[in-house]
Amino acid sequence: MSNVKQLFYGTIIHSLSLDKLHIIKNGLLSVDGDGKIVSLQENVEAEELDSILEGLAEDSKLIRLSEWQFIMPGFIDTHTHAPQYANAGTGMDLPLLEWLEKYTFPLEHSFSSTEFAAKIYPRFVSHLLRNGTTTAVYYATIHLESSKYLAETVKGSGQRGFIGKVNMDRNSPEYYVENSNDSVLHTEEFVKYVLDLDAGENLVQPIVTPRFAITCTEKLMTALADIAAKYDVPIQSHLSENTAEIAFVSELFPDIKDYTSVYDHHKLLNHKTIMAHGVHLTDDERDLLKQRNVGISHCPNSNLALRSGVCKVRQLLQDGIKVGLGTDISGGGSKSILDAMRRASATSRVVAMTDGNGEHLKLSELVFLATMGGAELVNLQDTVGNFKVGKDFDALLIDPCAEGSPIDVFDMDDTERVFEKFIFLGDDRNIIDVFVKGRRVSGGGISGLSTAWY
Ligand code: GUN
Ligand code: FE
């Protein structure tokens, strides 16, 4: 225990599997100087703490949580568009393709200026952190320079992130489209830049980002698959979000069986691929996604706001497909993964009522999707997502009784009920500290009233 730098004593809650939420009372979690979890003990009596502390280096500190406080793993947002943050909460009157034309492409075009990007990106990244998102998977825009700037911003914030320079070389407005060759050249330059930017730590990584099959030629998709393979980096895109989109894809690729097969045909589907939405998938498409071990980012806020449809997450899980949650700013208006959990819950209730397809998602499943499910999508299931020994400490310190808390805690509550109240009613006022790899990256510091530092 000599390299232990931080110890957390109190309630610790994390996900072990879809149906196992592990609630540890009087837990003691220790983190070393590299931000790794060294040990996790249950039922440690307060009297035992003194002797444990005696063996520790002088500069290590103990954070003692108060009665209702707890720590839990950080949230993973597996799909969000950083430039669209400026539009969040607006423009929800149109379906996907019209919404892109009228609101989204004009805004994204403004990111040809890095000065414009500087007004949006730092705020977005810091607001995601404040809301507990310790890992985010970002779309930037088609612009090389401001995409690099987003990667630098994420790196500077201490967040774990995947950043994609968007590719689109057709069916796009003339003011917001790339020449195919430039698109490929800029993507390779971007990938190399981000790999170098964070070579030592690997907190920030590039992700190859063909926007969707509608805006990418065959030549471009093939070249992007080659870049992803050459640098062994992940891929993200949109799949089967909206019926008009699906019809357009089948017009563009009349000889390919379905939308999922279009991506497969261009070698874009593998265990590192994240596809957003998957609302209207056929049985064959789900089979193919499972075979290729592709993950689906479920973005329920966006699916409801753009009236795209109701994603059948239970079915995806039953088929053995990896699922995580996404905010999809600004198709979805909320930057919070808590919101994504609530809307995933509501969406699954609608499916259960209208489809007769099984049960709505339970609390343990929602927590899994927001943490471990996301970790599986980004292939970091051995690094983050829960508090198994050896993983990095990406965590939130939650105070259900924080100043201005939207949660009311009563005498008859117990830990599980208070946790559930946080998931369904809490917000960033309850997230008082945020850690990535053991480093505090957001929050006022637990030096507040209810915790003691040693
Ligand atoms: N499909 C292609 N681009 C987008 C986008 O920016 N948002 C959403 N929700 N779907 C898309
Ligand atoms: Fe999206």
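Our subject is the structure listed above.
Residues numbered from 1 in each chain as written. Chains lettered and ligands numbered in written order. Predicted model: local features only at pLDDT ≥ 70, side-chain atom pairs only at ≥ 80, totals over all residues.

This paragraph deals with the site of ligand 1. In the vicinity of ligand 1, the residues found are His81, Leu96, Leu100, Thr104, Arg211, Phe212, His238, Glu241, Ser302, Asp328 and Gly331. Examining the composition of the shell around ligand 1, we find that three residues originate from one element, helix 2 (residues 96–109), more than from any other. Split by residue class, the shell around ligand 1 holds three nonpolar, five polar and three charged. (Near = placed C-beta within 6 Å. Helix = DSSP H or I, 4+ residues; strand = E, 2+ residues; numbered from the N terminus. Nonpolar A, V, L, I, M, F, W, Y, C, P; charged D, E, K, R; others polar.)

One open sheet holds the four strands; their spatial order is 6-7-8-10, and the pairing between them is parallel. The strands lining the two open edges of the sheet, one partner per strand, are strand 6 (75–81) and strand 10 (204–206). Averaged over all adjacent pairs, the angle separating strand axes in this sheet is 15°, with direction ignored. Here strand 7 (residues 133–139) pairs with strand 8 (residues 160–164) via five bridges, running parallel. For valine 137, the partnering residue across the bridge sits in strand 8 and is phenylalanine 162. Here helix 4 (residues 144–157) sits on the sheet in contact with strand 7, strand 8 and strand 10, set at roughly 180° to strand 8. (Pairing = 2+ DSSP bridges. Axes fitted to C-alpha atoms, helices over the stretch in contact; angles between N-to-C directions. Contact = placed C-beta atoms within 7 Å.)

Along strand 16 (residues 395–398), one buried face is formed by Ala395 and Leu397 and the opposite face, lined by Leu396 and Ile398, is buried too. Summarising the sheet, strand 5 (residues 70–73) and strand 16 pair through four bridges and their orientation is antiparallel. Residue pairing for strand 16: isoleucine 71 is matched across the bridge by leucine 397. The sheet contact formed by strand 16 and strand 17 (residues 431–436) spans four bridges and is antiparallel. By the bridge assignment, isoleucine 398 is partnered in strand 17 with isoleucine 431. (Buried ≥ 20, exposed ≤ 12 C-beta atoms within 10 Å, placed from the backbone.)

Further remarks concern helix 13 (residues 363–377). Look at helix 13: 20 Å from first C-alpha to last across 15 residues, which is about the 21 Å you get at 1.5 Å a residue. By the largest-angle criterion, leucine 369 marks the main kink of helix 13, which is about 45°. The buried fraction of helix 13 amounts to 13 of the 15 residues, a majority that puts the element mostly inside the structure. Downstream of helix 13 by a residue or two, asparagine 379 has a phi angle that is positive, lying close to 55°. (Expected span 1.5 Å × (residues − 1). Bend = angle between axes of the 7 residues up to and from the residue.)

Read across the sheet, four strands follow the order 12-13-14-15 without closing on themselves; strand pairing throughout is parallel. The outermost strands of the open sheet, each flanked by one partner alone, are strand 12 (235–239) and strand 15 (322–325). Strand after strand, the sheet turns through a mean of 30° between neighbouring axes, direction not considered. Where strand 13 (residues 273–277) meets strand 14 (residues 295–298), three bridges bridge the pair, whose relative direction is parallel. Its bridge partner being in strand 14, alanine 276 is matched across the sheet by serine 297. Running over the sheet, helix 13 touches strand 13, strand 14 and strand 15 and is turned about 125° from strand 15.

Here we come to the pairing of strand 1 (residues 4–17). When you tally the buried positions in strand 1, you get 10 out of 14 residues, the bulk of the element. Relative to strand 2 (residues 20–32), strand 1 runs antiparallel, the two being bridged by 11 bridges. Looking across to strand 2, one finds that tyrosine 9 is bridged to leucine 28. Adjacent in sequence and paired antiparallel, strand 1 and strand 2 are bridged by two residues. As defined by bridge partners, strand 1 adjoins strand 4 (residues 61–64) across four bridges and the pair is classed as parallel. If you follow phenylalanine 8 over to strand 4, its bridge partner there is isoleucine 63. By the bridge criterion, two bridges tie strand 1 to strand 5 in an arrangement that is parallel. Within strand 5, the residue paired with isoleucine 12 across the bridge is isoleucine 71.

The next thing to look at is the nonpolar core. Grouped together as the largest cluster of nonpolar side chains are 120 residues, with contacts concentrated most on Tyr138, Leu150, Ile163 and Ala370. Top contributing element to this core by residue count: helix 13, with eight residues. When residues of this core are sorted by domain, at least three fall in each of domain 1 (4–73 + 387–453) and domain 2 (75–377). Counting five residues, the second largest nonpolar core, distinct from the first, contains Trp99, Leu100, Ala305 and Leu306. (Core = buried A, V, L, I, M, F, W, Y, C linked by C-beta atoms within 7 Å. Domains from an automatic or database assignment.)

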